[in-house]
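What the coordinates show
One-letter residues, chain by chain:
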Amino acid sequence: MFSEEKLNKVKEIIARYPAGKQKSALIPLLHLAQEEFGGWLSAETMDYVASLLQIKPIEVYEVATFYSMFNLKPVGKYVFEVCQTGPCMLLGSDNIIDYIKKKLDIGVGETTKDGLFTLKTAECLGACGYAPMMQLGKHFREHLTPEKVDAIIEECRVKAN
Amino acid sequence: MGRKLLFDKAHIEGIRYYDVYRANGGYGSAEKALKSMKPEEVLEEVKKSGLRGRGGAGFPTGMKWSFIAKPEGVPRYLVCNADESEPGTFKDRYLMEFIPHLLIEGLLISSYTLGCNSCYIYIRGEYAWIPDILEQAIAEAKKNGWLGKNIQGTGFDLEIYVQRGAGAYICGEETALIESLEGKRGNPRIKPPFPAVKGLWDCPTVVNNVETLAAVVPILRIGGDEYAKYGIGKSTGTKLISACGNINKPGVYEIEMNISVEEFIYSDEYCGGIANGKRLKACIPGGSSVPILPANLLLKTAKGEQRMMTYEGLADGGFATGTMLGSGGFIVLDEDQCIVRNTLTFARFYHHESCGQCSPCREGTGWMKRVLQNIENGKGKMSDIDLLWDIQRKIEGNTICPLGDAAAWPVAAAIRHFRDEFEWHVLHPEEATKRNFGLAHYADPLEIAAPAAV
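Residues numbered from 1 in each chain as written. Chains lettered and ligands numbered in written order. Predicted model: local features only at pLDDT ≥ 70, side-chain atom pairs only at ≥ 80, totals over all residues. Heavy atoms only, no water.

**Here's the deal with the interface of chain B and chain A**
Listed by partner, the interface residues are 56 residues for chain B and 41 residues for chain A. Of the roughly 3,900 Å² buried between chain B and chain A, counting both surfaces, carbon and sulfur atoms make up 58%. It is Ala166, Arg185 and Trp201 of chain B in chain B that bury the most area against chain A; as a group they hold 16% of the surface buried on that side. Put simply, chain B and chain A have 5 salt bridges between them. Scanning the region where chain B abuts chain A turns up 26 residue pairs in polar contact (both at pLDDT 80 or more). At the level of secondary structure, the elements contributing two or more residues to the side of chain B that touches chain A comprise strand 2 (118–123), helix 7 (130–143), strand 3 (159–164), helix 8 (174–181), strand 7 (238–245), strand 8 (251–256), strand 11 (329–334) and helix 15 (339–353) of chain B. The leading source of residues in the side of chain B that touches chain A is helix 15 of chain B, at 8 residues. Split by residue class, the side of chain B that touches chain A holds 26 nonpolar, 18 polar and 12 charged. (Contact = heavy atoms within 4.5 Å. Buried area = accessible area lost by both parts, 1.4 Å probe. Salt bridge = Lys/Arg side-chain N within 4 Å of Asp/Glu carboxyl O. Polar contact = N/O pair within 3.5 Å; in protein donor to acceptor, adjacent residues only side chain to side chain. Helix = DSSP H or I, 4+ residues; strand = E, 2+ residues; numbered from the N terminus. Nonpolar A, V, L, I, M, F, W, Y, C, P; charged D, E, K, R; others polar.)

Written out as structure tokens, the structure is:
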């Protein structure tokens, strides 16, 4: 359940659309729910969002499964989403992905045993001029090198403690 | 130095904020439009400017606006397409991040012209920090009387809302974007009806790219006729080009559409040449979906003329020997890059992003990816190259939306111009996993056929 503050945010989002068109708030609400409830969307969370918008749960499931930013199973506290499309590949994204795999001892789509890190590959994130890059939470980490990756991992470990 | 119309004030410190933007002439165009011009007069200026959609298709903006239906008592909507997702493209991100008020002002003028009182900016979900910047700019504009009710005492009302997507390239297609904005899967709609008649919530809707809407501001400032004097022929004005790949100075550049591709790549004003002293092998000048060209066809057209950075210049020669300006996502490949691998990453991209509605796209993109994977991994057969050609031909033109074409073109162009490299991969599988084909003959001067004697 959302806090009162978040419920006010929900109301504010729904008010952006004409009366009766509250379903338009679905994607913004799923983002909000994912942030609030551990970085992923469980069936319960999706049902809750459906009840807030007075739509059927299936209408939420079909949307949540379509968009790649919604996680449908638990993820680590920090999700590394490394871009692997053309422009990033030209500047060595494959090496960055291999480096992270070795460093964290996980494969793509896996989470470290301590639950801290998940590695995912992503398709073009719109930072082609600053390649190679990855998304970490709300922000982009650009011009990646193995040294930068080390520093980011360290930064996350410190923050987690 | 090329003349600038969008980024002319981008270097001013604090231009992201209202006070600085306003102090430097910001909202001057909106003031002019709302206080001294009728909507039809603004539309006329946009038509005269020759402005073409900057998202990729290049459709004349004034004409698109004139199609909007105006049934009595039905609201009309303006939707700003900020779902910038075409690989190689990151220009709108820069504009929204650093000069958000330029976009807000463009939205205000455009909404006034179209008679819209609600406007939605649909931004790709991954640009997660930019909505905060836009919402702050919207709040500042509202506080200063440029949004909300009775704007500057003119009686015109406008609200702008920011909506985040959630990671789906297809939502850059206007009808998929509208579906997404309605809270649904991003499945493109069959056209007609076009959004201008039946768009968001079945109401008349115009969907324009960020850069297109921002360009309305300088058009109003200098006038449509003056804007049309920038550039060459039907490529009027300036264009934002996001340059990336193996160049010395990647980044977002505003160019006047009158320079050559050679100048753009090699001059210090723009890309500053190929990185690490390497040689140019190939380039995809308009985002991943436009045809890749080898160096020799990129710098000069098949007729031996200098190729220009314009809609017509890049398209010179059609798909046989030309390409497209597209979204301005300019991807440069140096002599060490592998065309097969590069094509594979794009095939994988389109497979990942296909919405799955149309069989040719849903099945074909995955099939092309698997065949390319085999060739890349040294398991390819000669017949695979023809198979790829066959698959892409069967996707192109056979889907509801242009994603099918966008997936087909990069594969087609790679085979058309780099067939030798694909064959080398098949014939030398061992070697191909260890080294790249290199520059080969792709930068050699072309033989220009003499005109046939009449």
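**Some remarks on the sheet that holds strand 4 (residues 205–209) of chain B**
All names here are of chain B. Pairing is parallel across the open sheet formed by 4 strands, whose spatial order is 3-2-1-4. Looking at strand neighbours, the two that pair on one side only are strand 3 and strand 4, the edges of this open sheet. Each strand axis lies, on average, 20 degrees off the axis of its neighbour in the sheet, ignoring direction. Examined bridge by bridge, strand 1 (residues 77–82) and strand 2 share 6 bridges and lie parallel to one another. Among the inter-strand pairings, valine 79 is bridged to a residue of strand 2, identified as tyrosine 120. Its contacts with the sheet place helix 7 against strand 2 and strand 3, and it is angled at close to 175 degrees to strand 3. (Pairing = 2+ DSSP bridges. Axes fitted to C-alpha atoms, helices over the stretch in contact; angles between N-to-C directions.)

**A short note on the sheet that holds strand 1 (residues 78–83) of chain A**
Residue and element names in this part refer to chain A. Across the sheet, 4 strands lie side by side as 2-1-3-4; this open sheet has mixed pairing. The strands lining the two open edges of the sheet, one partner per strand, are strand 2 (117–122) and strand 4 (139–141). Looking at each pair of strands side by side, their axes are set apart by 30 degrees on average, direction ignored. Note that strand 1 and strand 3 (residues 134–136) share 3 bridges and pair antiparallel. For glutamate 81, the partnering residue across the bridge sits in strand 3 and is glutamine 135. The strands touched by helix 6 (residues 93–104) within the sheet are strand 1 and strand 2, with strand 1 carrying the most contacts at an inclination of about 155 degrees. Of the strands in this sheet, strand 1, strand 2, strand 3 and strand 4 touch helix 7 (residues 146–160), which is tilted by about 160 degrees from strand 1.

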